[in-house]
Amino acid sequence: MKYQGQDDLSNDSQLGSAEATLRLIASLPAPAGLEERVQAGLRAAPRSGRVLAWPAALSLDSNWMRAAAAAAIVFVVAGGGWGVYAHVQPGQSARGVAVPPHVAAPAGGFSNSGAMRTPNTLNGPLAPHPATARPPAKASVKGTARTTQTPLRPGKSGVANKAVPPPVAPAAK
Amino acid sequence: MSASQAVFSGWMEIPNSAMSDQARQCAAEEELAALVGQYAGTLYRVAFSVLRNPSDAEDAVQEAFLRVLRHRDSLGEVRDQRVWLIRIVWNIVLDRKRRSKTRPETDDVTELARVLPAQGLSAEQIASAAQHHAHVLACVDRLPAKERQVLMLSAFEELSSVEIASVLGITESSVRSRLFRARNLMAGLLNHARSLR
C-alpha cells in the first residue's frame, strides 16, 4: 500500500536526481584551449572599418598649405557652379510641335500608299424615298377582272404581297 | 597670428581623433581579450546545456565573442558584462536549436557518455549514468519553452534569479513562478515515464 507521503518522497527524489543531472551538465568543464581558439578566431575576424591616416608628407601643419587647400576647395566649388550655369540657359522651351517621324512599312509588308481610312459609320444605309417607289401595275387585258393585287406597303414582306392568279374567262359561243 | 590665419586654422582644425580612436580600439581589444579569458568557460557551459554538443557549443561561444567584437565600442556602456554575455550566447544557442533538427535521444546518450566525468566508474556504470541523464534531458525537452529555459538556467549556480530574469528579459517573480511550474511538470513527466517502465 502506498501513502501520499511516499509518493511525495519519490517525486522529490526523482526531481532531485533530474536537477542533479542539469547541474552536472551546467558544471561541465570547458574543453582545453577554448580561450586560445576563441582569441585566434577574433584575431582572424575581418575588421569593420579603418580610418585612413593622412600622409605625413602632406601634413597640414604649415599655414600656407591650409590656405592652398582652402583656395582649391573654393576654386572647385565656384568652377562647378559656373559650369552648371554656363550649360543650362534659362527660358529654353520647345519651339514647335513634335511630329512623329514617318515610319516606313517593314520589309515585305504593304503600305497604305498615303490613303486615309474613313470609318464606315459616316455613310450609313439609306432608306428609299416614298416618291420614287414604283406605281402599281395596270390590268393589261380590258374586260378581265381586276386583280386583287395590293400595293406594296413598306414593312411588309414579299410573301404577303403575292399576286392572286386571275379567274379563267368563259369560252365564246 | 593674423585674422585670416586664425580663420583658416579654425576651418581646417582636425580633431585629434585619429590617435584617440586607435587608442580606444586597442583598449577595447584588450578588454575583449580579458572577457574571453574570464567568461569563455561560462558561456561554453551555457551553450552546451542547450546544444549538448561540444563543437556546436564552441561555435556558439565564438559567434558570441564575434558579436561583442562588432559592438566593442559600446562595451563601456554595459553594466553587467557577465549577464550581457550570457544573454548574447543564450540567444545564439536558442536560435541554433530552433534551426537545427531535433536530435535523437541516442545521440545524447553517446555524447553524454563521452563528456561526463567517469573517474572510478566502470564502463557499465558510465553507460547507465549516461542513459539516465539522457532520459532526464528528454523529459526536459518535453517541457514548454518558457519553463524549460528557466529550469535550465536555474541549474547554473552562478546565476541568481535576478540574473536569470535579466537574461530572459522577464521579471524576477515570473522566473519564480515559471520555475515552480517547471518543477511540477518535470515531476509529472518523470512519474509518467516510471509508470510506463
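Rules and cut-offs
Residues numbered from 1 in each chain as written. Chains lettered and ligands numbered in written order. Predicted model: local features only at pLDDT ≥ 70, side-chain atom pairs only at ≥ 80, totals over all residues. Helix = DSSP H or I, 4+ residues; strand = E, 2+ residues; numbered from the N terminus. Buried ≥ 20, exposed ≤ 12 C-beta atoms within 10 Å, placed from the backbone. Contact = placed C-beta atoms within 7 Å. Axes fitted to C-alpha atoms, helices over the stretch in contact; angles between N-to-C directions. Parallel < 35°, antiparallel > 145°, perpendicular 65-115°, else oblique. Left-handed = near helix turned anticlockwise from the far one by under 90°. Nonpolar A, V, L, I, M, F, W, Y, C, P; charged D, E, K, R; others polar. Core = buried A, V, L, I, M, F, W, Y, C linked by C-beta atoms within 7 Å. pLDDT = per-residue confidence, 0-100. Expected span 1.5 Å × (residues − 1).

Some words on the overall build of chain A
The helix and strand tally for chain A stands at three helices and zero strands. Counting from the amino terminus, helix and strand elements in chain A follow one another as α-α-α. Going through the 173 residues of chain A one by one, you find that 4% of them count as buried.

Structural notes on the overall build of chain B
When helices and strands are counted, chain B shows nine helices and zero strands. Reading the secondary structure of chain B in the N-to-C direction produces α-α-α-α-α-α-α-α-α. Every one of the 197 residues in chain B was classed for burial, and the buried ones make up 29%. Nonlocal contacts in chain B, meaning residues at least 24 apart in sequence, comprise 64% of its contacts between residues at least 6 apart.

Structural notes on the packing of helix H3 (residues 54-70) of chain B against helix H4 (residues 81-99) of chain B
Residues and elements named next belong to chain B. Here H3 crosses H4 at 130°, and the two axes come no closer than 9 Å. Regarding the angle of H3 to H4, the classification is oblique. Here the hand of the crossing between H3 and H4 comes out right-handed. Facing H3, whose interface residues are Asp 56, Ala 60, Val 61, Glu 63, Ala 64, Arg 67 and Val 68, H4 presents Leu 85, Ile 88, Val 89, Ile 92, Val 93 and Arg 96. Of the residues belonging to the contact of H3 with H4, the class tally is nine nonpolar, no polar and four charged.

A few points about the interface of chain B and chain A
Contacts between chain B and chain A engage 38 residues on the former and 29 residues on the latter. Of all elements in the fold, only helix H1 (3-11), helix H2 (17-51), H3, helix H6 (123-141), helix H7 (145-154) and helix H9 (172-196) of chain B reach the threshold of two or more residues within the side of chain B that touches chain A. By residue number, the principal contributor to the side of chain B that touches chain A is H2(B), which donates twelve residues. Classifying every residue of the side of chain B that touches chain A gives 25 nonpolar, eight polar and five charged.

Observations concerning the nonpolar core
Proteins that are soluble and globular tend to have nonpolar side chains buried together. In terms of nonpolar packing, the biggest core is built from 51 residues, with Leu43(B), Ala47(B), Ala60(B), Val61(B), Ala64(B) and Val89(B) touching the most fellow members. Ala60(B) has contacts with Ala47(B), Leu51(B), Val89(B), Ile92(B), Val93(B) and Arg96(B), leaving out every residue within four places of it along the chain.

Points about the packing of H7(B) against helix H8 (residues 161-168) of chain B
Residues and elements named next belong to chain B. Contact pair H7 / H8: the axes reach a minimum separation of 10 Å and the direction vectors enclose 135°. In terms of their interaxial angle, H7 and H8 are classed as oblique. The two elements H7 and H8 cross, and the hand of that crossing is right-handed. Every residue of H8 that contacts H7 at Gln 149, Val 150, Leu 153 and Ser 154 is listed here: Ile 164, Val 167 and Leu 168.

Some remarks on the confidence of the model for chain A
Residues and elements named next belong to chain A. Summarising the model, chain A shows a mean pLDDT of 68, and 42% of its residues fall at 70 or more. No element of chain A has a lower mean pLDDT than helix H1 (residues 4-26), at 74, and none a higher one than helix H3 (residues 63-87), at 91. Predicted confidence is poor over residues 143-152, with pLDDT under 50, and the contacts of this stretch with residues over four places away or in other chains come to 16 contacts.

Looking at H4(B)
Helix length check: H4(B), at 19 residues, gives a terminal C-alpha distance of 27 Å against a target of 27 Å (1.5 Å per residue), a fit within 8%. For H4(B), every residue scored as buried is listed here: Leu85(B), Ile86(B), Ile88(B), Val89(B), Trp90(B), Ile92(B) and Val93(B).

Some details on the environment of Val61(B)
Of note, Val61(B) is situated in helix H3. By C-beta crowding, Val61(B) is classed as buried, having 32 other C-beta atoms within 10 Å. Expressed as a C-alpha distance, the spacing of Val61(B) and Val93(B), which sit 32 residues apart in the sequence, is 9.1 Å. Contact partners of Val61(B), with chain neighbours within four places excluded, come to Val38(A), Ala40(B), Leu43(B), Tyr44(B), Ala47(B) and Val89(B).

Focus: the confidence of the model for chain B
Residues and elements named next belong to chain B. Residues with a pLDDT of 70 or more make up 81% of chain B, whose mean pLDDT is 80. In the model of chain B, H1 stands out as the element of lowest mean pLDDT, 48, in contrast to H8, which has the highest, 91. The low-confidence segment residues 6-14 (pLDDT under 50) makes eleven contacts with residues lying over four places distant or belonging to another chain.

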